[in-house]
Amino acid sequence: MRVAFLGLGIMGRPMAANLVKAGHEVTVWNRTAGKEVSGAQVAATPADAAAGAEVVWMCVSDTTAVEQVLFGENGAAHSLSAGVILVDSSTISPAATTQFAERVRAQGVAWVDAPVTGSKIGAENATLIFIAGGDEAALARIQPLFQAMGKQVFHLGETGKGQCAKLAMNLQIAMIYEGFAEAITLASKLGVDINRLLPLIMASMVKSGVVEYKAPFVMKRDFSPNFPLRLMLKDIHLTRDAAKAARVRLPGLEAVEEVYELAAEDGHADLDYAATLTLLEKWAGIEVKG
Ligand code: NAP
């Protein structure tokens, strides 16, 4: 298929590379020049990338970025024609998603929100899980593209429901990691060897995909970004806003939000969200050793 891929960050670049690998005709665009994908054409603007594409796929930071890439000067919406499918793998506001989808629907363009879970390793290994909202027929048409980049697609309902479900997923990831980070900080302070604690965690019902993914990095004290802390904080804010609008209280998430805000103030915003551990360590006056 002819695909325009907009946004070549930690996630977008390997996703676009996997589309090329699967034999699709890919044109890429990124705000900052110099990021390329071998085998893909490079466009100067989102509008240029989208011209002639059957599918326009976005993976940028946040709601503002999606709005600019689509509706800003030289935005992709200027060159979308009827029948095109617009897919958004960024994690953004569900309410804004519905509004953006309405705007392009007037041009005969279908919107699929398809945020992902699986992080950098999932994007590189084409094992992402897509959390989709949108029309069944549109989803069926882009199935080969999902297959090229991921291992599973979950269809959650109409446009916007993918983003709603993604927030519910990241709420859990943030809180599961917080539980792990607090547990290893306390255990270290109490003199427990973390190398002995980890096998216990992984053998018990405490085991989780989050800990499985993060523990090897934490043990090496490698906080280079797989999922930057600033983006998890963005998702915590999106979740808080959606909960407030729906009159749902999330006291656990509010406590975790404070940890992320203080860790960002401490200069860790561009590191992986696993670096929130360092704030707990600072408070406890210890360093967790692997
Ligand atoms: P990233 O590495 O920070 O990349 C962000 C991308 O967005 C870059 O291409 C950046 O362009 C672009 N961008 C930012 N602001 C823009 C603007 N105003 N206009 C146009 N482009 C803009 O982030 P990422 O990790 O790839 O994440 C991308 C999306 O996927 C986010 O919504 C994130 O929450 C979600 N996500 C990430 C992960 C993960 O583990 N990393 C997992 C699931 C979901 P420049 O290169 O010019 O800065």
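Not measured: the values here are computed from a predicted model.

Here is what the cut-offs are and how they apply
- Residues numbered from 1 in each chain as written.
- Predicted model: local features only at pLDDT ≥ 70, side-chain atom pairs only at ≥ 80, totals over all residues.
- Heavy atoms only, no water.
- Near = heavy atom within 4 Å.
- Polar contact = N/O pair within 3.5 Å; in protein donor to acceptor, adjacent residues only side chain to side chain.
- Areas by Shrake-Rupley, 256 points an atom, 1.4 Å probe, with all protein chains shown as cover.
- 1 Å grid on protein atoms, 1.4 Å probe; cavity = no way out; pocket = protein on both sides within 12 Å on 5 of 7 lines; lining within 4 Å.
- Points joined across faces, edges and corners; volume = space filled by probe spheres on them.
- Helix = DSSP H or I, 4+ residues; strand = E, 2+ residues; numbered from the N terminus.
- Nonpolar A, V, L, I, M, F, W, Y, C, P; charged D, E, K, R; others polar.
- Domains from an automatic or database assignment.
- Disulfide = S-S within 2.5 Å.
- Buried < 20%, exposed > 50% of the residue type's maximum accessible area, 1.4 Å probe, protein only.
- Axes fitted to C-alpha atoms, helices over the stretch in contact; angles between N-to-C directions.
- Left-handed = near helix turned anticlockwise from the far one by under 90°.
- Contact = heavy atoms within 4.5 Å.

### Comments concerning the site of the ligand
Thought 1: Lining the immediate surroundings of the ligand are 28 residues, of which N30, T32, Q68, S119 and K234 lie closest.
Thought 2: Within the side chain of K35, an N or O atom sits 2.7 Å from an oxygen atom of the ligand.
Thought 3: Separating an oxygen atom of the ligand from a side-chain N or O atom of S119 is a distance of 2.6 Å.
Thought 4: Starting from 910 Å² of accessible surface for the ligand in isolation, the protein chains cover 91%.

### Some points on the layout of surface pockets
Thought 1: Within this model, the largest pocket holds a volume of roughly 1,200 Å³.
Thought 2: In terms of lining, the largest pocket is formed by 47 residues, of which the most central are M11, C59, F227, P228 and L231.
Thought 3: At the level of elements, α3 (63–71), β7 (116–117), α5 (119–124), α8 (161–189), α10 (209–219) and α11 (229–245) are the ones that each hand at least two residues to the lining of the largest pocket.
Thought 4: Here the lining of the largest pocket gets five residues from one element, more than from any other, and that element is α8.
Thought 5: Taken together, the residues of the lining of the largest pocket sort by class into 18 nonpolar, 20 polar and nine charged.
Thought 6: Inspection of the lining of the largest pocket shows a minimum of three residues originating in each of domain 1 (2–158) and domain 2 (165–284).

### Overview of the state of the cysteines
Thought 1: According to the stated counting rule, one finds zero disulfides in the structure shown.
Thought 2: In this structure C59 is not part of a disulfide, and its nearest cysteine sulfur, from C164, lies 18 Å away.
Thought 3: By relative accessible area, which is 11% here, C59 ends up buried.
Thought 4: Its relative accessible area of 36% is what places C164 among the partly exposed residues.

### Some words on the packing of α8 against helix α13 (residues 276–284)
Thought 1: At a minimum axis distance of 10 Å, the contact between α8 and α13 shows a crossing angle of 35°. For α8 against α13, the interelement crossing comes out right-handed. Here Y177, E178, A181, E182, I184, T185 and K189 of α8 come into contact with α13, specifically with T276, L277, L280, E281 and A284.
Thought 2: For the contact of α8 with α13, the per-class residue count stands at six nonpolar, two polar and four charged.

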